[in-house]
Amino acid sequence: MSIALGEFWKGLVKSGVADATGCKGLAADYANANAGTPPSDSGELAGFLVQRGVLTDFQAQALLSDPPREIRSGNYLVRAQAGPDPLRRWIPVSRLDDQRVGVLFRVAADQLSGGREQWLTAHQEVEHGHLQHFDNETQQAWTLVFTELPEGRSLSGLLADGVRFSPRQVCELGICLADALAAMHERPLVHGAVRAEQVWMGKDGQTILLRDP
C-alpha cells in the first residue's frame, strides 16, 4: 500500500528532488498528462515521475516506503543501491548543486590511515581527460569521494557480452590508456591494475581509466 500523497510530496522536498514550487510544477505536469486530473495516489505519481526521469526506480521505492527511506547524503542524491561493475563499493548519485551524475565512495576517518589519505591527495592532484577524477569533501566523520561517470559499462562487461572492436578502435583505446598512464607516471604514481574491468567505456565515447581507491 502506498503512503499518503502528502507524505510523498514531503519526501520529495526533504530529499531535495524538488522544492515547493517544483512540486506544483510536477503536479501540473501529471494533470496535463492525465486529461486534467491531478495526482491522488502516491504510487501512480511515483510511476509517472520515474517515466519522466525525475526519479529512478530505487528512489521511487525508497520514498514510497513506510516510513520513507533516506535517499540523500549531504549534497548528494542516491540513485541506486550499488554502483556498476567494478565500482560495487560506490553508490550511484547525482549532485544537488550542479546535477552532475556519478558515483560516491564514503570513507570513515579510520579508513584513511596507513597512507590512504596521502594516496587520495596524490591522485587528486593528477587530472587527465581519460583518468577517473576525484572530488572529495568532509561530512561529519566521513570523507565523501565523488567521481563524475558518464553512462556506460566497463570494457570487461562489453567483452563478456561479445562486443568486438575494430583494429582502429583498439588503437584509439590504447592511446587513451597510454595518455592516462603517462599523466600518472609524471607525478610519479603507479596504477598497478590496468585490466579490462578498470577501463570505463562511456556511451558518449569517453574512455576512462578507473583508479578505485
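Anything mentioned here points back to the structure above.
The following paragraphs examine the structure supplied in this document.

A few points about the sheet that holds strand E8 (residues 199-202)
Here is step 1: Spatially, E7-E8-E9 is the arrangement adopted by the three strands of the open sheet, whose pairing is antiparallel. The sheet is open, and its two borders are formed by strand E7 (152-154) and strand E9 (207-209), each paired with just one other strand. Strand-to-strand twist of the sheet, defined as the mean angle between neighbouring strand axes without regard to direction, takes the value 20°.
Here is step 2: The pairing of E8 with E9 spans three bridges and is classified as antiparallel. Each bridged residue has a counterpart across the sheet, and for Met201 the counterpart in E9 is Thr207.

A look at the nonpolar core
Here is step 1: In this structure, Phe8, Trp9, Leu12, Leu45, Leu49 and Leu55 are the most contacted members of the largest nonpolar core, which totals 20 residues.
Here is step 2: Looking at this core, the elements that each hand over two or more residues are helix H1 (5-15), helix H2 (20-33), helix H3 (42-51) and helix H4 (57-64).
Here is step 3: With near-sequence residues (within four places) excluded, Leu45 lies in contact with Leu5, Phe8, Trp9, Tyr30 and Pro39.
Here is step 4: Within the second largest apolar cluster, 15 residues are counted, among which are Leu131, Leu158, Ala180 and Leu209.

Things to note about the pattern of salt bridges
Here is step 1: Evaluated as defined, the whole model comprises 12 salt bridges.
Here is step 2: Two residues, Arg95 and Asp98, come together in a salt bridge whose shortest N-O distance is 3.3 Å.
Here is step 3: A cluster of three or more residues bridged by salt bridges with shared partners is formed by Arg95, Asp97, Asp98, Arg100, Asp135 and Glu148.

Digging into the packing of aromatic side chains
Here is step 1: Counted according to the given criterion, the structure contains five aromatic pairs.
Here is step 2: On the numbers, 6.5 Å between centres and 15° between planes, the contact of Trp90 with Phe134 is stacked. With Trp90 in the loop between strand E2 (76-78) and strand E3 (91-95) and Phe134 in the loop between helix H5 (116-124) and strand E5 (135-139), this residue pair connects regions lying 44 residues apart in the sequence. Of the two residues, Trp90 and Phe134, neither departs from the other in class, the shared state being buried.
Here is step 3: When its relative accessible area of 2% is taken as the criterion, Phe134 is described as buried.
Here is step 4: Linked through ring pairs, Trp90, Phe105, Trp119 and Phe134 together constitute an aromatic cluster.
Here is step 5: The side chain of Arg95 reaches across the aromatic face of Phe146, ending 5.4 Å from its centre.
Here is step 6: The ring of Trp142 carries Arg106 above its face, with NZ or CZ at 4.0 Å from the centroid.

Cut-offs used in this document
Residues numbered from 1 in each chain as written. Predicted model: local features only at pLDDT ≥ 70, side-chain atom pairs only at ≥ 80, totals over all residues. Heavy atoms only, no water. Pairing = 2+ DSSP bridges. Helix = DSSP H or I, 4+ residues; strand = E, 2+ residues; numbered from the N terminus. Axes fitted to C-alpha atoms, helices over the stretch in contact; angles between N-to-C directions. Core = buried A, V, L, I, M, F, W, Y, C linked by side-chain atoms within 4.5 Å. Buried < 20%, exposed > 50% of the residue type's maximum accessible area, 1.4 Å probe, protein only. Contact = heavy atoms within 4.5 Å. Salt bridge = Lys/Arg side-chain N within 4 Å of Asp/Glu carboxyl O. Phe/Tyr/Trp six-rings, centres within 6.5 Å; stacked < 30°, edge-to-face > 60°. Lys NZ or Arg CZ within 6 Å of the ring centre and 35° of its normal.

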